[in-house]
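# Inside the fold
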Amino acid sequence: MTSAETVPEVPSSRPMRADARRNSEKLLAAGRDAFTEDGSSASLEEIARRAGVGIGTLYRHFPTRQALLEAVYVEEVEALCRSAADLADEEPWDALIDWLHRFVGYVGTKEALAQELFTYIDRDADVLRRCHDAFYSAGEPLLTRAQQAHVVRPDANIVDVVRMVAGIAKMTNSSPEQTLRVLDMALDGLRYQPPTP
């Protein structure tokens, strides 16, 4: 999968009308917010209310709670992947760091969604594997470009970088400001150091 590709969308049986697409987008946004804020106590009725649609509309788009959870999770991954492509015009170091900062925000949302999703599917489920592969594929070109510009050490790889950033993002008892400060200190360790003569 290249950085331009994203996780395949949740399949629908027929093309959506514009109003149906808007309702689906509103439900995904409301679902993301509700699952992030309330976790397993988020009710589908509350999600429909937040989206400004009836519960029947929610069920037409997402017939089960699992279907909505998967769609929200996939949308979060797709947004992170799209953001990597949006950074193509930035300087290589800035593009990589900006995307990794966005990744920290993604981890916060993903953790709440993933814990809820794990009540329905295994950790090695196809949808999770595709999502995992997609964000590594999206970040890899940013890292490679920074390495080619000699601003990132050549021995870094995307798996190690993502694991480091994810670990920092999951720090407990840490304010958002402290998390970003620790992240920036760790990312400074990625900077290329020319060999000493």
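Look a little higher up for the structure.
In this report, the structure presented in the accompanying data block is examined.

Reading the values: the criteria
- Residues numbered from 1 in each chain as written.
- Predicted model: local features only at pLDDT ≥ 70, side-chain atom pairs only at ≥ 80, totals over all residues.
- Heavy atoms only, no water.
- Helix = DSSP H or I, 4+ residues; strand = E, 2+ residues; numbered from the N terminus.
- Lys, Arg positive; Asp, Glu negative; His and termini not counted.
- Charge placed at Lys NZ, Arg CZ, Asp CG, Glu CD.
- Salt bridge = Lys/Arg side-chain N within 4 Å of Asp/Glu carboxyl O.
- Buried < 20%, exposed > 50% of the residue type's maximum accessible area, 1.4 Å probe, protein only.
- Core = buried A, V, L, I, M, F, W, Y, C linked by side-chain atoms within 4.5 Å.
- Contact = heavy atoms within 4.5 Å.
- Axes fitted to C-alpha atoms, helices over the stretch in contact; angles between N-to-C directions.
- Parallel < 35°, antiparallel > 145°, perpendicular 65-115°, else oblique.
- Left-handed = near helix turned anticlockwise from the far one by under 90°.
- Nonpolar A, V, L, I, M, F, W, Y, C, P; charged D, E, K, R; others polar.
- 1 Å grid on protein atoms, 1.4 Å probe; cavity = no way out; pocket = protein on both sides within 12 Å on 5 of 7 lines; lining within 4 Å.
- Points joined across faces, edges and corners; volume = space filled by probe spheres on them.
- Arc of directions from axis to C-beta.

What follows deals with the overall build of the chain. Within the chain, the secondary structure is distributed over eight helices and zero strands. Ordered by position from N to C terminus, the α and β elements of the chain give α-α-α-α-α-α-α-α. Structurally, the chain occupies a C-alpha span of about 70 × 40 × 30 Å along its principal axes. For the chain, the centre of its 22 positive side-chain charges and the centre of its 31 negative side-chain charges are spaced 5 Å apart.

All right, on to the pattern of salt bridges then. Close approach of charged atoms lets side chains of opposite charge pair. Applying the stated criterion to the full structure yields 15 salt bridges. One salt bridge connects arginine 191 with aspartate 188, and the closest N-O pair in it is separated by 3.1 Å. On the basis of relative accessible area, arginine 191 is assigned to the partly exposed category, the value being 37%.

What follows is about the nonpolar core. Grouped together as the largest cluster of nonpolar side chains are 60 residues, with contacts concentrated most on Ile47, Leu68, Tyr73, Trp99 and Phe103. At the level of elements, helix 1 (18-38), helix 2 (44-51), helix 4 (65-86), helix 5 (92-117), helix 6 (126-148), helix 7 (158-169) and helix 8 (176-188) are the ones that each hand at least two residues to this core. Broken down by element, this core gets its largest block of residues, 13 residues, from helix 5. Leaving out residues up to four positions away in the same chain, isoleucine 47 has contacts with Leu27, Ala30, Gly31, Ala34, Phe35, Leu58 and Leu68.

Take the environment of leucine 27 next. Inspection of the secondary structure assignment puts leucine 27 in helix 1. Between the C-alpha atom of leucine 27 and that of leucine 68, which follows or precedes it by 41 residues, the distance is 8.5 Å. The residues touching leucine 27, leaving out its near neighbours within four places in the chain, are Ile47, Ala48, Ala51, Val53, Thr57, Leu58, His61, Phe62 and Leu68.

On to the packing of helix 7 against helix 8, then. Packing of helix 7 against helix 8 leaves a shortest axis separation of 9 Å and a crossing angle of 155 degrees. Between helix 7 and helix 8, the angle falls in the class roughly antiparallel. In the packing of helix 7 onto helix 8, the handedness of the crossing is right-handed. Contact with helix 7, carried on its side by Met164, Val165, Ile168 and Ala169, involves Thr179, Val182, Leu183, Ala186 and Leu187 of helix 8 and no other residues of that element. Tallied by class, residues from the contact of helix 7 with helix 8 come to eight nonpolar, one polar and no charged.

With that settled, the discussion passes to the layout of surface pockets. Empty space within the second largest pocket amounts to approximately 420 Å³. In terms of lining, the second largest pocket is formed by 19 residues, of which the most central are Tyr73, Lys110, His132, Phe135 and Lys170. Listing elements by their share of the lining of the second largest pocket, those giving two or more residues are helix 5, helix 6 and helix 7. If one sorts the elements of the lining of the second largest pocket by residue count, helix 5 sits on top with six residues. Tallied by class, the residues present in the lining of the second largest pocket amount to eleven nonpolar, two polar and six charged.

Right, let's talk about the packing of helix 6 against helix 7 for a bit. One can describe the packing of helix 6 onto helix 7 by two numbers: an axis separation of 9 Å at closest approach and a directional angle of 110 degrees. Taken together, the axis directions place helix 6 and helix 7 in an arrangement best described as roughly perpendicular. On helix 7, the residues that touch Phe135, Tyr136, Gly139, Glu140 and Leu143 of helix 6 are Ile158, Val159, Val161, Val162 and Arg163. A breakdown of the residues in the contact of helix 6 with helix 7 according to their chemical character gives seven nonpolar, one polar and two charged.

So, about helix 2. Within helix 2, burial applies to Leu44, Ile47, Ala48 and Ala51. In a view along the axis of helix 2, the buried residues occupy a sector of 100 degrees, so they form one face of it. Turned more than 90 degrees off the buried face of helix 2, the exposed positions are Glu45 and Arg49. Taken together, the buried residues of helix 2 touch helix 1, helix 3 (55-61) and helix 4. Where helix 2 ends, the next residue or the one after it, glycine 52, has phi of about 75 degrees, a positive value.

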